[in-house]
Amino acid sequence: MKDLINKQREYFNTNATKSVAFRKEQLKKLQTILKQNEALLLDAIFQDFKKSEFDTYSSELVFVYHDISEAIKKVGKWSKIKRARTNLLNFPAKTFVIPEPLGVTLVIGAWNYPYLLSLAPAVAAIAAGNTVILKPSELPPNTSRALAKIINENFDSEYFHVIEGGVAETTALLAEKFDKIFFTGSVPVGKIIYQAAAKHLTPVTLELGGKSPAIITAGCNLKMAAKRIVWAKFLNAGQTCISPDYILIDPKIKSEFIALVKSEIEQADYSTENDNYVQIINNQNVQRLAQLIDSEKVIMGGEINVAERLISPTVLDNVTFEDPIMQEEIFGPIMPILTYNNLDEAIAKVKSYPKPLSLYVFTKNKNDRAKILRELSFGGGGVNETIMQITNHHVPFGGVGESGIGAYHGESGFKSFSHYKSILDKPTWFELNLKYSPLSAKKLKWVKFMTGRK
Ligand code: NAD
């Protein structure tokens, strides 16, 4: 690993990765080899957790391809030197800002969308002119292997390389110095990454998780709320970082909501045979999720097939904040339903948890909407919609507080892998002698005047 990192640093120092033409060429190459190897990618992920072609394409590859095309189109603009205003004290200088790559970067991926969460940050790193070492999650072994094969057979290791492995390999990587670490994963591992990065003062982006609520107020379009929430909750069998983790609903509309949720689940036909559902990633997570299902509170689903690693879409009613399911991020196909007496109480409950990655509010009431958006802090979210905010690359995607540090997608991804170098360029034909001795009260007056003080 040391050798690989040294080789990447040497290569970066040749400045080869910096020209816009080089970046575009590499992005085009990545696009081509992914397209050429799509069958391998689709087969690998199906073997790992029965994710279908439709789901893999629509929730992963389509966004990777889009990120690549967008970067090819915009990298020239994003990496342009930008003029800025100059303050009076520096008259008659010019000021500009140079976006520059950080250097040798490490991308650590999570397993739940293994292609998207590995490749989207790598695309941003390449667009910004860095070298990349990518460490995908080891939990889906076939997707990790497929990524390693495709990348390592087509890119020089001194520029872009995949290292496979789990805790041991990641720990060894983290001992080395990188110029940027981009991590997607859980909060506890995020803390390990942050500590390791701190030793080298390496900047990080941490894309973490947490319990993302969906708040439903009386008078909303309840049918649409149920439809969108059911889709979002059971997509990828609930193994989605921005999935609505729990439902907080006005008790007056709860039974109607439950009836609508049941009907949506029945209509959706969640079965792996019809490609509408995926397996839980491993047995450990099946066991963990099984323990979160309180059989006395199950009003739908609750069937667990350990051999197949399948858990049917499960709805729990009369859940309290003290229940085990409310003590951790669920990350599985279980929808707990809780009620609130008034919005202040709902807000206070959400605030009692760490700041979530996402929050969804289903309402027609403008005051309730405004109150929730003003008073609660969260990474991002939706009004009357779930998950789809992630598809809009025009806005940053990231967490806040325990749900993450930094953001990416579109230009914010480029920014997270860049440093913005501000330059003051001053001609020599003029010098304001205020800073040189002899200092005087008159000069101080001028300094105050020129910096806007009286
Ligand atoms: P994880 O934290 O277990 O693993 C993530 C990565 O860290 C993997 O590559 C893994 O090999 C590595 N890792 C695991 N333990 C490590 C250790 N002790 N030291 C060093 N590296 C280690 O997370 P996961 O199970 O892959 O993903 C699930 C979590 O990720 C959930 O909390 C979810 O909300 C979050 N997530 C967040 C986003 C986001 O965009 N914010 C996206 C997907 C998942």
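Predicted model, so just to flag it, every value in this text is computed and none were measured.

Criteria and thresholds
Residues numbered from 1 in each chain as written. Predicted model: local features only at pLDDT ≥ 70, side-chain atom pairs only at ≥ 80, totals over all residues. Heavy atoms only, no water. Salt bridge = Lys/Arg side-chain N within 4 Å of Asp/Glu carboxyl O. Helix = DSSP H or I, 4+ residues; strand = E, 2+ residues; numbered from the N terminus. Core = buried A, V, L, I, M, F, W, Y, C linked by side-chain atoms within 4.5 Å. Buried < 20%, exposed > 50% of the residue type's maximum accessible area, 1.4 Å probe, protein only. Domains from an automatic or database assignment. Contact = heavy atoms within 4.5 Å. Pairing = 2+ DSSP bridges. Axes fitted to C-alpha atoms, helices over the stretch in contact; angles between N-to-C directions. Buried area = accessible area lost by both parts, 1.4 Å probe. Near = heavy atom within 4 Å. Polar contact = N/O pair within 3.5 Å; in protein donor to acceptor, adjacent residues only side chain to side chain. Areas by Shrake-Rupley, 256 points an atom, 1.4 Å probe, with all protein chains shown as cover. Nonpolar A, V, L, I, M, F, W, Y, C, P; charged D, E, K, R; others polar.

1. Details of the pattern of salt bridges
Counted by the stated rule, this structure contains 17 salt bridges. Notably, a salt bridge pairs K74 with E70, separated by 2.9 Å at the nearest N-O pair. Pair noted here: K74 and E70 are both in helix α4 (residues 53-78), with a separation of four residues, about one helical turn. E375 is the partner of K371 in a salt bridge, and the nearest nitrogen-oxygen pair spans 3.1 Å.

2. Details of the nonpolar core
Counting 115 residues, the largest nonpolar core has F160, I216 and F257 as the members making the most contacts within it. For this core, the leading source of residues is helix α5 (residues 116-127), giving ten residues. Among the domains, domain 1 (2-208 + 403-419) and domain 2 (213-392) are the pair contributing at least three residues each to this core. Contacts of I216, omitting those with residues within four sequence positions, involve L222, I229, I247, L248, I249, D250, I253, F257, Y340 and F362. By size, the runner-up hydrophobic cluster in this structure holds 19 residues, among which are I181, A196, L206 and L208.

3. Observations concerning the sheet that holds strand β2 (residues 94-101)
Across the sheet, which stays open at both edges, the three strands sit in the order β1-β2-β18 with antiparallel pairing between neighbours. Across the chains shown, the open sheet's two edge strands, defined by having one partner strand only, are β1 (82-84) and β18 (418-425). Averaged over neighbouring strand pairs, the angle between their axes works out to 30 degrees when direction is ignored. Relative to β18, β2 runs antiparallel, the two sharing eight bridges. Directly across from F96, in β18, lies its bridge partner I423.

4. Structural notes on unusual backbone geometry
Between F91 and P92 the backbone carries a cis peptide bond, its omega angle lying at 5 degrees. Relative to the assigned elements, P92 resides in the loop between β1 and β2. The backbone of N236 shows a phi angle near 60 degrees, a positive value even though the residue is not glycine. In this fold, N236 is placed in the loop between α9 (222-234) and β9 (246-249). You can call N236 buried: its relative accessible area is 3%. Positive phi, normally seen in glycine, also occurs at R309, with a value near 55 degrees. With respect to the element layout, R309 can be found in the loop between β11 (304-305) and β12 (310-311).

5. A short note on the environment of A214
In this structure, A214 sits in strand β8 (residues 213-216). Each C-alpha atom, one on A214 and one on N305, is 28 Å from the other, the two residues being 91 residues apart in sequence. Discounting chain neighbours no more than four positions away, the residues touching A214 are I229, P244, Y246, I247, L248 and Y360.

6. Structural notes on the domain arrangement of the chain
By domain assignment, the chain separates into domain 1 (2-208 + 403-419) and domain 2 (213-392). Each of domain 1 and domain 2 was reduced to a C-alpha centroid, and the two centroids are 31 Å apart. Every contact between the two is made by 15 residues of domain 1 and, on the other side, 20 residues of domain 2. Carbon and sulfur atoms make up 57% of the surface buried where domain 1 meets domain 2, a total of about 1700 Å² over both sides. Here domain 1 and domain 2 share one salt bridge between them. Here K50 ties to E308 by a salt bridge, and the two come within 3.1 Å at their closest N and O atoms.

7. Quick word on the site of the ligand
Around the ligand lies a shell of 25 residues, among which K135, E138, S186, L208 and E329 are the nearest. Between the ligand and E138 there is a distance of 2.6 Å, counted from an oxygen atom to a side-chain nitrogen or oxygen. In the environment of the ligand, an oxygen atom lies 2.6 Å from a nitrogen or oxygen atom belonging to the side chain of E329. Taking 830 Å² as the accessible area of the ligand by itself, protein coverage stands at 89%. Of all the secondary structure elements, the ones that give two or more residues to the shell around the ligand are α7 (167-175), β6 (180-184) and α8 (187-199). In terms of residue class, the shell around the ligand is made up of 13 nonpolar, eight polar and four charged. Here the shell around the ligand spans two domains, and each of domain 1 (2-208 + 403-419) and domain 2 (213-392) adds at least three residues to it.

8. Some words on the sheet that holds strand β3 (residues 104-108)
In sheet architecture, strand pairing relies on hydrogen bonds along the backbone and comes in two forms, parallel and antiparallel. Reading across the sheet, the six strands line up as β5-β4-β3-β6-β7-β17 and stay open at both edges, with mixed pairing between neighbours. With partners counted over all chains shown, the strands left at the sheet margins are β5 (160-162) and β17 (404-405), one partner each. Where β3 meets strand β4 (residues 131-135), five bridges bridge the pair, whose relative direction is parallel. Paired with V107 across the two strands is L134, which belongs to β4. Running at roughly 155 degrees to β3, α7 makes contact with β3, β4 and β6 of the sheet.

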